[in-house]
Each structure stands twice: as C-alpha cells, then as structure tokens.
Amino acid sequence: MRRFLALLTLMTQPAWANDVSGEFDYYVMSLSWSANWCALEGDNRGSPQCDEDADFGWILHGLWPQYERGYPEYCRTGNRAPSRSDTAEMTDIMGTSGLAWHQWRKHGVCTGLSSDAYYALSRAAYGRITRPAVFRGLNQSITLPAAVVEEAFLADNPTLSADQITITCKQGYIQEARICLTRDLELRTCGADVIRDCTMSDAQFDPMR
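Report on the accompanying structure. (Residues numbered from 1 in each chain as written. Predicted model: local features only at pLDDT ≥ 70, side-chain atom pairs only at ≥ 80, totals over all residues. Heavy atoms only, no water.)

Notes on the side chain of N36
Secondary-structure assignment places N36 in helix α2 (residues 34-45). A polar contact of 2.9 Å, which involves the side chain of N36, links it to the backbone nitrogen of D206. (Helix = DSSP H or I, 4+ residues; strand = E, 2+ residues; numbered from the N terminus. Polar contact = N/O pair within 3.5 Å; in protein donor to acceptor, adjacent residues only side chain to side chain.)

Right, dumping it as structure tokens:
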C-alpha cells in the first residue's frame, strides 16, 4: 500500500515539481505589441499600460528559461523576491510592475539568478533587438499576414534569421514576437516546440493610441 501511495504521489505531482532552478538550455524573449494586448485583455482589466497617455509599443512580456523541449516554471529558489521598487523600475519596458512581478515568480526563479540580476539580464536582452519602427507609424487598425511582422523584425535585425524568431497570434490578433537566445544572449535556433509561426493572413494589428 505504501509503495502504491508513493507511486501515486509521483504520478500526480505537477510537471514543474522537479524543475531545478538554473538548469535549462536557452532563453525565449517574448515581445508583446501593447495595443493588441490592451484590446484583448488590458482594457477590460483597467491596466495602466493601456491608459490614453501610455506610449508603449513592443513591451518585454518576459525572458523565459527554456529546455530544448518544454520549459521550467515556478522553481524553488533561495533568492529573495523583488521589492516593489524593483518591479516598478521595469515598467518602462514591461508596461506594469505586476507583469514584472509575475515574470519573476513564474520564470525568473528558474534562472538561478537573483531578481536584480534577472531584471538586468531581461533589460539587456530587450536592448539587443531592434523593434521595427514601422508599426509605430500606423494611424488605424489593419489586417496583415503574420509573416509580415516577422519580415519587419528580420529587416531591422540583419543578424536575426527566420529560425530564431516566431510570431504568435491570439483571437485573431498578432500577439507576440518570440526570439530565441543563448544563456549569453546570443541569437540561436528555436526549439521545435517554440518555432510555431502563426499562419494567419489577416491578423489584426492595432495602432498605438
């Protein structure tokens, strides 16, 4: 009976229960177009990221530790949680302190880094990629193939190749650009479970307000 209960316990543990902080293969940096997120979720939440005077474009959704297949999350860590001032300092690239907190709690704890180091690395990763300025010139909502968004990133980042970036969609909108990086923040090929481009030919893309 005890053996059976022990086996049952192992079988019912969440997948992340065995994830070890610091043990992963590469990073996925996720960039989210703020206006689309606001249309999908943020406006209904009353997020300050969506205020009329907010001027976010591609925000840093997160820097995620990744296995070659799958990813760790909610790892145990001995590092202290970030303070409110720590998360507030990330709002210029992440939109809200709440997002910065959530990214640490779910993903940052799996990097093996302190929260300060994780945020510093996230900022460095964000600075390595040129976010295409062409989308900031929009003055009305448009529909476009998701491939056009990828092509814009490739055009503005000559060292970036198509197997190192993927564009995702959600509920008919362009959602994110996800870029794969080594642990040293060098560009690298995405894993097979990450490189799943949105194939929509008429995805919606909203302008900044």
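Continuing now.
Side note on helix α6 (residues 115-128)
For α6, with 14 residues, the first-to-last C-alpha span of 20 Å sits near the 20 Å given by 1.5 Å per residue. If you check which residues of α6 are buried, you get S115, Y118, Y119, L121, S122, A125 and Y126. Considered in projection along α6, the buried side chains sweep an arc of 160° and stay on one side of the axis. Tucked inside the fold, the buried residues of α6 contact β1 (26-33), β2 (58-66), α3 (84-88), α4 (91-94), α5 (97-106) and β5 (173-181). (Expected span 1.5 Å × (residues − 1). Buried < 20%, exposed > 50% of the residue type's maximum accessible area, 1.4 Å probe, protein only. Arc of directions from axis to C-beta. Contact = heavy atoms within 4.5 Å.)

A word on helix α7 (residues 146-156)
For α7, the set of buried residues is A146, V149, E150, A152 and F153. Buried positions in α7, seen along its axis, are confined to an arc of 155° and lie on one side of it. Where α7 is buried, its residues touch β1, β2, β3 (142-144), β4 (165-170), β5 and β6 (203-205).

Quick word on the pattern of salt bridges
Taken as a whole, this structure holds 10 salt bridges when the rule is applied. A salt bridge links R45 to E41, with the nearest nitrogen and oxygen atoms 2.7 Å apart. Note that R45 and E41 are positioned in helix α2 at a spacing of four residues, about one turn of the helix. On the accessibility criterion, E41 (21% relative accessible area) is partly exposed. With a shortest N-O distance of 3.4 Å, R80 and D86 are connected by a salt bridge. Overlapping salt bridges bring together E41, R45 and K170 as one network. (Salt bridge = Lys/Arg side-chain N within 4 Å of Asp/Glu carboxyl O.)

Keep in mind that these numbers describe shape and distance, not what the molecule does.
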